[in-house]
Amino acid sequence: MLVLSKFIVILTFFTIFCIPKALIVSLTGLRPEDFIGLIAILSLPIFFVNTYRNISSKLNISIIVYFLYLFIISSIRTPQHIPSSSVLLFKEISYVSCFFFFYYTFYKINLKEIKPFLKKIIFLSTPAIIYGL
């Protein structure tokens, strides 16, 4: 599972920093990292079960209450916009799913592996940093 989580973390950085957003958004209406978010959401139960004991129970409860609140309030206030509210809810859940992937990866990775892993992330981020400068 660590291999999958490391792959998702690296792929997340790759899609954020190296794939042109304008092209993908114009073709699909979604950002490149949203596709990784979908994979993260589908894998969330596995990684949640393996990480929730290591994360504060208050944080876990807060996350669940936040999503319930977001969905209920959005549905009550604007029931005609439930499809667009669902897209926002999907994006929020994908962010939390990525959080669990990142947490699991950095919790399980050993110290010898972390330096090469961070080098890969920095390498993937370099083109965007250079472009930003």
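Here the structure is shown first, and the text comes after it.
Residues numbered from 1 in each chain as written. Predicted model: local features only at pLDDT ≥ 70, side-chain atom pairs only at ≥ 80, totals over all residues. Heavy atoms only, no water.

A. View of the overall build of the chain. On a plain count of helices and strands, the chain comes out with six helices and zero strands. Secondary structure elements of the chain occur, N-terminal to C-terminal, as α-α-α-α-α-α. Reported as C-alpha extents along the three principal axes, the dimensions of the chain are approximately 50 × 40 × 25 Å. Nonlocal contacts in the chain, meaning residues at least 24 apart in sequence, comprise 73% of its contacts between residues at least 6 apart. About 8,800 Å² of surface is accessible on the chain, with carbon and sulfur atoms providing 75% of the total. Measuring between centres, the 12 positive side-chain charges of the chain sit 9 Å from its 4 negative side-chain charges. (Helix = DSSP H or I, 4+ residues; strand = E, 2+ residues; numbered from the N terminus. Contact = heavy atoms within 4.5 Å. Areas by Shrake-Rupley, 256 points an atom, 1.4 Å probe, with all protein chains shown as cover. Lys, Arg positive; Asp, Glu negative; His and termini not counted. Charge placed at Lys NZ, Arg CZ, Asp CG, Glu CD.)

B. The packing of aromatic side chains, seen in detail. In the structure shown here, the tally under the stated rule is six aromatic pairs. Each residue in the set F99, F100, Y103 and Y107 is aromatic and connected to the rest through ring pairs, giving one cluster. (Phe/Tyr/Trp six-rings, centres within 6.5 Å; stacked < 30°, edge-to-face > 60°.)

C. Geometry of a nonpolar patch on the surface. On the surface, I64, L68, Y69, F71, I72, I73 and I76 cluster together to form a nonpolar patch covering roughly 690 Å² of accessible area. Structurally, F71 can be placed in helix α4 (residues 57–77). (Patch = residues over 30% accessible without salt bridge, like charges linked within 9 Å, V, L, I, M, F, W, Y side chains within 5 Å. Salt bridge = Lys/Arg side-chain N within 4 Å of Asp/Glu carboxyl O.)

D. Molecular detail of the environment of I46. Along the chain, I46 falls in helix α3 (residues 32–51). It is 9.0 Å that separates the C-alpha atoms of I46 and M1, two residues lying 45 residues apart in sequence.

E. The arrangement of the layout of surface pockets in detail. Considered as a void within the structure, the largest pocket measures approximately 180 Å³ in volume. Contributing to the lining of the largest pocket are L44, F48, N60, I63, I64, F67, L68, F71, I93, V96 and F100. Within the residue set of the lining of the largest pocket, elements represented by two or more residues are α3, α4 and α5 (82–108). In terms of residue count, α4 provides more of the lining of the largest pocket than any other element does, six residues in total. (1 Å grid on protein atoms, 1.4 Å probe; cavity = no way out; pocket = protein on both sides within 12 Å on 5 of 7 lines; lining within 4 Å. Points joined across faces, edges and corners; volume = space filled by probe spheres on them.)

F. View of the pattern of salt bridges. Applying the stated criterion across every chain yields a total of four salt bridges. Residue K6 pairs with E113 through a salt bridge whose shortest N-O separation is 2.8 Å. Of the two residues, K6 sits in helix α1 (residues 2–17) while E113 sits in helix α6 (residues 111–132), which places them 107 residues apart along the sequence. Under the relative-accessibility criterion, E113 is labelled partly exposed at 28%. Residue D34 is joined to R31 by a salt bridge in which the shortest nitrogen-to-oxygen separation is 3.1 Å. For D34, a relative accessible area of 2% translates into the label buried. (Buried < 20%, exposed > 50% of the residue type's maximum accessible area, 1.4 Å probe, protein only.)

Shape is all these values report; function is a separate question.
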